[in-house]
Amino acid sequence: MENSKNEGGVEITYYTDPLCCWSWAMEPQWRKLRYEFRGKIAWKYKMGGLIPNWNNYNDTVFSITRPAQMGPMWMEAQQISGMPMEDRIWITNPPSSSYQACIAVKCAEMQSLEAAEIYLRHLREAVMLRGINISNQKTQIQLAEELCNKLPMIFDSKIFIKRLIEEEGIPLFQDDLQKARYFNISRFPTLVFSMPKRPSILLIGYRPYESLRQALLRIAPELEPLDMLSNDKYLNYWGSMTERELDEIKVNTGVA
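The numbering scheme is per chain: residues are counted from 1 as the chain's sequence reads. In keeping with the model being predicted, local features are shown solely for residues with a pLDDT of at least 70 and side-chain atom pairs are shown and tallied solely at 80 or more, while totals for entire chains, interfaces and linings include all residues. Derived side-chain values reflect all non-hydrogen atoms in the structure, with water molecules and hydrogen atoms excluded from consideration.

A. Structural context of the layout of surface pockets. Of the two site types, the cavity is a set of points on a 1 Å grid over the protein atoms alone where a 1.4 Å probe fits but cannot get out, and the pocket is an open set with protein on both sides within 12 Å along at least five of seven lines, each lined by residues with an atom within 4 Å of a point. Grid points are joined across faces, edges and corners, and a volume is the space filled by probe spheres set on the points. In this structure, the largest pocket spans a volume of roughly 560 Å³. If you trace the largest pocket, you find 27 residues lining it, with Gly49, Leu50, Ser186, Arg187 and Phe188 closest to the centre. Per the convention used, a helix needs a DSSP run of H or I reaching at least four residues, while a strand needs a run of E reaching at least two, with both numbered from the N terminus. Those elements that provide at least two residues to the lining of the largest pocket are α1 (21–25) and α9 (170–182). For the lining of the largest pocket, the leading source of residues is α9, giving 3 residues. If you add up the space inside the second largest pocket, you get close to 320 Å³. Considering every element that reaches the lining of the second largest pocket, the biggest residue donor is helix α6 (residues 113–130), with 6 residues. Classification convention: Asp, Glu, Lys, Arg as charged; Ala, Val, Leu, Ile, Met, Phe, Trp, Tyr, Cys, Pro as nonpolar; all other residues, Gly among them, as polar. Grouping the constituent residues of the lining of the second largest pocket by class yields 7 nonpolar, 4 polar and 7 charged.

As structure tokens, this is what we get:
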């Protein structure tokens, strides 16, 4: 998995949050886009800070003001997308905030964009698939150690833990928040497709794969997709995968 190569000159800025169920719901489409156009696009993540805390949280779109009300939205996202989600966490062990998880991702990003990518994914798998509360630092450290054991050449947990404890990721997270506010981005996921000397394209919210693909080809119509190859190679490329993510390439490409 790489996001450093960018032969086509296209960069996608992805505004998201580790606790955003709609971002998790769109992982099959997002992964497929990056695979089908691998080596031709680059991407980076901006952490949006979905839940500062529950004292003053108010989602007017989904009428959510307390943790127990978040569960039904996760159920809806699961039903629409087919991605598995442990929605009962919002009753049994609700995360108090998403800010600390956002900061943890930025600490990983200080190692590399790839380290940020795999740590963000690991956080999401922990909360969405395993029902683990990722809002506390102890859990974030445990997950970092798991990831280091699995991918020691990419992710260094000792460096990560030092940066997390010393709060080195806070300025980077604050910069992300400022950029989101400047561009008036308040819903996640939000993707900004940009290319030098061409108007940017903004996609807000959960979208089917074809919407992502069309946005990319509107800004860079000269891009040619690469072969999808096989299920095994697709799985090997990402390292971990839900059945729904694998279904995305089966249904849309006929891969067997």
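B. View of the state of the cysteines. Two cysteine sulfur atoms make up a disulfide if the distance between them is within 2.5 Å. A complete count under the given rule lists 0 disulfides for this structure. For Cys107, which is in no disulfide, the shortest distance to another cysteine sulfur is to Cys102 and amounts to 11 Å. Distance from the sulfur of Cys148, which forms no disulfide, to the nearest cysteine sulfur (Cys107) is 15 Å. The buried label goes to any residue with under 20% of its type's maximum accessible area, the exposed label to any with over 50%, and the partly exposed label to all in between, with areas taken from a 1.4 Å probe on protein chains only. For Cys148, a relative accessible area of 17% corresponds to the buried category.

C. Region of the structure containing the nonpolar core. Counting 74 residues, the largest nonpolar core has Trp74, Tyr119, Phe155, Phe160 and Phe193 as the members making the most contacts within it. A contact between two residues is defined here by any heavy atoms of the two lying within 4.5 Å. Every residue in contact with Phe155, bar those within four places of it in the chain, is listed here: Ala108, Gln111, Ala115, Ile118, Tyr119, Ala144, Leu147, Cys148 and Phe160. Put simply, buried Ala, Val, Leu, Ile, Met, Phe, Trp, Tyr and Cys residues joined by side-chain atoms within 4.5 Å make one nonpolar core. Ranked by size, the runner-up nonpolar core spans 7 residues in total, among them Met228, Tyr237, Trp238 and Leu246.

D. Summary view of the packing of helix α2 (residues 27–36) against helix α10 (residues 209–219). At a minimum axis separation of 9 Å, α2 and α10 run at an interaxial angle of 40°. One element, α2, and the other, α10, form an angle in the oblique class. Both α2 and α10 take part in a crossing whose hand is right-handed. Two secondary-structure elements touch here, α2 through Gln29, Trp30, Lys32, Leu33 and Glu36 and α10 through Tyr209, Leu212, Arg213 and Leu216. Here, axes are lines fitted to C-alpha atoms. For helices the fit covers the stretch in contact, and angles between N-to-C directions go from 0 to 180 degrees. Note that the term roughly parallel is reserved for angles under 35 degrees, roughly antiparallel for angles over 145, roughly perpendicular for angles of 65 to 115, and oblique for everything else. Here a crossing is called left-handed whenever its near helix is offset anticlockwise from the far helix by less than a right angle, and right-handed whenever the offset is clockwise.

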